[in-house]
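Fold and contact review
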Amino acid sequence: MLPSLLSILISAVVQSTPAPAPIDSIDRYVRSEMARQRIPGLSMAVLRGDSLILARGWGEADVEHHVPAADSTIYQSGSVGKQSTSALVLRLVADNRLGLDDPISRWLPEGPSRWGRITVRHLLTHTSGIPDYADSTLDYRRDYTEDDLVRLAAGLPPLFEPGARWSYSNTGYVLLGVIIHRITGTLYGDLLRSQVFQPLGMRTARIISESDIVPNRADGYRLVEGRLEHQEWVAPTLNTTADGSLYLTVLDLARWAVGLNHLRFPGAEGLRQSWTPVRLNDGGTYPYGFGWSLDQQRGFPRIGHTGSWQGFKTSIQRYPEQNLTVIAMANLAEARPEAITLAVAGILEPALRPPQVIPEPPSGSPPPQAIPDLLQEIFSGRGAARLTPGLSRFASKEFRDGLGELLHPTREWTWKGCDDVSARHLERLGSAIQRICYAAGSGRDAASLVEVDYSTDGRAAFVDWYDF
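Here is a short report on the structure shown in this document. (Residues numbered from 1 in each chain as written. Predicted model: local features only at pLDDT ≥ 70, side-chain atom pairs only at ≥ 80, totals over all residues. Heavy atoms only, no water.)

Brief notes about the overall build of the chain
When helices and strands are counted, the chain shows 13 helices and 19 strands. A compact globule built from 468 residues should have a C-alpha radius of gyration of about 23 Å, and the chain, at 21 Å, falls within 12% of that. By principal-axis analysis of the C-alpha atoms, the chain measures approximately 60 × 55 × 50 Å. When each of the 468 residues of the chain is scored for burial, the buried share is 57%. Contacts spanning at least 24 positions in sequence make up 66% of the contacts within the chain whose residues lie at least 6 apart. Carbon and sulfur atoms make up 50% of the accessible area of the chain, which totals about 18,800 Å². (Helix = DSSP H or I, 4+ residues; strand = E, 2+ residues; numbered from the N terminus. Rg over C-alpha atoms; globule rule 2.2 N^0.38 Å. Buried < 20%, exposed > 50% of the residue type's maximum accessible area, 1.4 Å probe, protein only. Contact = heavy atoms within 4.5 Å. Areas by Shrake-Rupley, 256 points an atom, 1.4 Å probe, with all protein chains shown as cover.)

Rendered as structure tokens:
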């Protein structure tokens, strides 16, 4: 299904604009979520094709000075910026200055010998096995040079053989930024400005700077024992790396979305590759491309990404079949803009309503085993017979540790129904998916929606979750 997303998107752009969106319903929902999540400020943009049907802010971009959030408020992007990095890499590929299957040791010769088996494609798709520096002993108060960051990455023990599994790695995108610099002789941020931001009219998009005067810049916040505090300070050079160190407004991202609609950057072939799931060594695929998560929502394709950095959270979600893009940016570390964008999409398109916002009784027959019990078995390393071979191989210690972080604060579970997706031709980790079942978990300070994808023989083929 996913390789055809590009043709779906092309046809969607030329369709007529649908009836006006229920803006009042979106406004009420966003206000209620901001109050529930204690978000100081949030900005949102919604597009139907190229038409901007909503662009506005709620709350305060700067709490101390009572500056209201608006569509012109500048937020830190977090990992949403990885889309720009992958686009630059693909431009270099199109110009024959770099190959996706080049070993990274060609450009990073000071790395260990094992980097000779890691390719640019592995870095783009988080399948290199290089650990995420955010999980290491990185000193966020230290001003690292690019060479320092390469040496730090080189010293991290590998998680797995390149291409064997998927594990999110900011480190890989930091290395991509270094490779871009070494090939072009131009800093990543300068290249973005000339090749992406200016051509697409992203007028306020730029690399983060602590020292520059940046009009409309929001402050980032976090909750500490229930109190709102400023974000923690990070060394300036760590805010210039290619894993997502950008300032953006929702209007910048709206212009980026329109550019994608018209295949302007990185072009038709680059987007086809970006929106194709990575194929692992065992032949199965994982729903991630080049800087994009290739998810589904109630069985419909969803192309997006989230970001988190220094008291900011971001989300951009694109629905090619519905000709819809929803963007949200918030200035609170604990905010959950992904869940907000999914719910707003469901307000506009009822078929997309995420399970946690559906008040009706669950639909469909229950899964063969209660989802919380299945999660406990996977976490404990048991229940392999209930899993497909692909998920059994994928359920690494890192994956089980993530499940543990989900399960530990959760005290109550509610089954939220199942969707028959047999006609959607979904595939996860080498298995065709027949239906998707959902459970909502809640605790004192946590609420999560878990989805389990089941193969045709009733085994669990994929597990994913998000906070709401």
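Picking up where we left off.
A few points about the sheet that holds strand S8 (residues 246-248)
Spatial strand order, S4-S8-S5: three strands in an open sheet with antiparallel pairing. Across the chains shown, the open sheet's two edge strands, defined by having one partner strand only, are strand S4 (75-76) and strand S5 (206-207). Across two bridges, the pairing between S5 and S8 is antiparallel. When the sheet's bridge partners are listed, Arg-206 is paired in S8 with Tyr-247. (Pairing = 2+ DSSP bridges.)

Looking at helix H10 (residues 337-348)
With 12 residues, H10 extends 17 Å between its outermost C-alpha atoms, agreeing within 8% with the 16 Å of an ideal straight helix rising 1.5 Å per residue. Of all 12 residues in H10, 10 are buried; the element is thus mostly enclosed. When H10 is considered as a whole, its buried residues turn out to be Pro-337, Ala-339, Ile-340, Thr-341, Leu-342, Ala-343, Val-344, Ala-345, Gly-346 and Leu-348. (Expected span 1.5 Å × (residues − 1).)

Concerning the environment of His-305
Assignment of secondary structure puts His-305 in strand S12 (residues 300-309). When its relative accessible area of 4% is taken as the criterion, His-305 is described as buried. When the C-alpha positions of His-305 and Glu-338 are compared, they lie 8.4 Å apart, and in sequence the two are 33 residues distant. In terms of polar contacts, His-305 uses its side chain to reach the side chain of Tyr-288, at 2.8 Å. (Polar contact = N/O pair within 3.5 Å; in protein donor to acceptor, adjacent residues only side chain to side chain.)

Digging into the sheet that holds strand S2 (residues 51-62)
Here we have seven strands laid out as an open sheet, ordered S3-S2-S1-S14-S13-S12-S11, and antiparallel in their pairing. Unpaired on one side and paired on the other, strand S3 (67-68) and strand S11 (293-297) mark the two borders of the sheet. Bridge analysis of S12 against strand S13 (residues 312-319) gives seven bridges, and the strand direction is antiparallel. Its bridge partner being in S13, Trp-309 is matched across the sheet by Phe-312. Contacting strand S1 (41-48) and S2, helix H2 (residues 23-37) runs over the sheet at an angle of about 25 degrees to S2. Across the sheet, H10 touches S1, S2, S11, S12, S13 and strand S14 (324-330), and the angle it forms with S13 is around 35 degrees. (Axes fitted to C-alpha atoms, helices over the stretch in contact; angles between N-to-C directions.)

Some points on the nonpolar core
Among the nonpolar cores identified, the biggest contains 90 residues, and Leu-98, Ile-104, Trp-115, Val-196 and Trp-256 are the most heavily contacted of them. The element contributing the most residues to this core is helix H6 (residues 170-184), with seven residues. Apart from the residues lying within four places of it in its own chain, the contact partners of Val-196 are Leu-88, Leu-191, Met-202, Trp-256 and Phe-265. Grouped together as the second largest cluster of nonpolar side chains are 38 residues, Val-30, Tyr-221, Ala-330 and Ile-436 included. (Core = buried A, V, L, I, M, F, W, Y, C linked by side-chain atoms within 4.5 Å.)

Here we look at the packing of aromatic side chains
For the structure on display, the rule yields 10 aromatic pairs. Between the aromatic rings of Trp-275 and Trp-292, the centroid separation amounts to 5.9 Å while the plane-to-plane angle is 85 degrees, which identifies the pairing as edge-to-face. One end of the pair, Trp-275, is in the loop between helix H9 (268-274) and strand S9 (278-279); the other, Trp-292, is in the loop between strand S10 (285-286) and S11, and 17 residues separate them in sequence. Just as Trp-275 is buried, Trp-292 falls in that class too. Following the ring pairs from residue to residue traces out a cluster consisting of Trp-166, Tyr-168, Tyr-286, Tyr-288, Phe-394, Phe-399, Phe-462 and Trp-465. The ring of Tyr-173 has Lys-82 sitting right over it, with the charged end atom 5.5 Å from the ring centre. (Phe/Tyr/Trp six-rings, centres within 6.5 Å; stacked < 30°, edge-to-face > 60°. Lys NZ or Arg CZ within 6 Å of the ring centre and 35° of its normal.)

Some remarks on the state of the cysteines
Inspection of every chain in the model, using the stated rule, returns one disulfide. Put simply, Cys-418 and Cys-437 are joined by a disulfide, and their sulfur atoms are 2.1 Å apart. Across the S-S bond linking Cys-418 and Cys-437, the dihedral sits near 105 degrees, which makes this disulfide right-handed. Pair noted here: Cys-418 is in strand S15 (residues 412-420) and Cys-437 is in strand S17 (residues 431-442), with a separation of 19 residues, a long-range link. Residue Cys-418 shares its accessibility class with Cys-437, and that shared class is buried. (Disulfide = S-S within 2.5 Å.)

Re the environment of Gly-116
Secondary-structure assignment places Gly-116 in the loop between helix H3 (82-94) and helix H4 (120-125). The spacing of Gly-116 and Tyr-288 is 172 residues in sequence and 23 Å in space, taken between C-alpha atoms. If near-sequence neighbours (up to four positions away) are discounted, Gly-116 is found in contact with Pro-103 and Ser-105.

What to know about the pattern of salt bridges
Here the structure, examined in full by the defined rule, presents 29 salt bridges. For Arg-121, the salt bridge identified is with Asp-101, shortest N-O distance 3.0 Å. Residue Arg-121 is found in helix H4, and its partner Asp-101 is found in the loop between H3 and H4; the two are separated by 20 residues along the sequence. Between Glu-321 and Arg-424 there is a salt bridge, and its shortest N-O distance comes to 2.6 Å. Remark: Arg-424 occurs in the loop between S15 and strand S16 (427-428) and Glu-321 occurs in the loop between S13 and S14; sequence separation between them is 103 residues. Judged by relative accessible area, Arg-424 falls into the partly exposed class, the value being 22%. Three or more residues joined by partner-sharing salt bridges are found here, namely Arg-222, Glu-225, Arg-227, Glu-229 and Glu-232. (Salt bridge = Lys/Arg side-chain N within 4 Å of Asp/Glu carboxyl O.)

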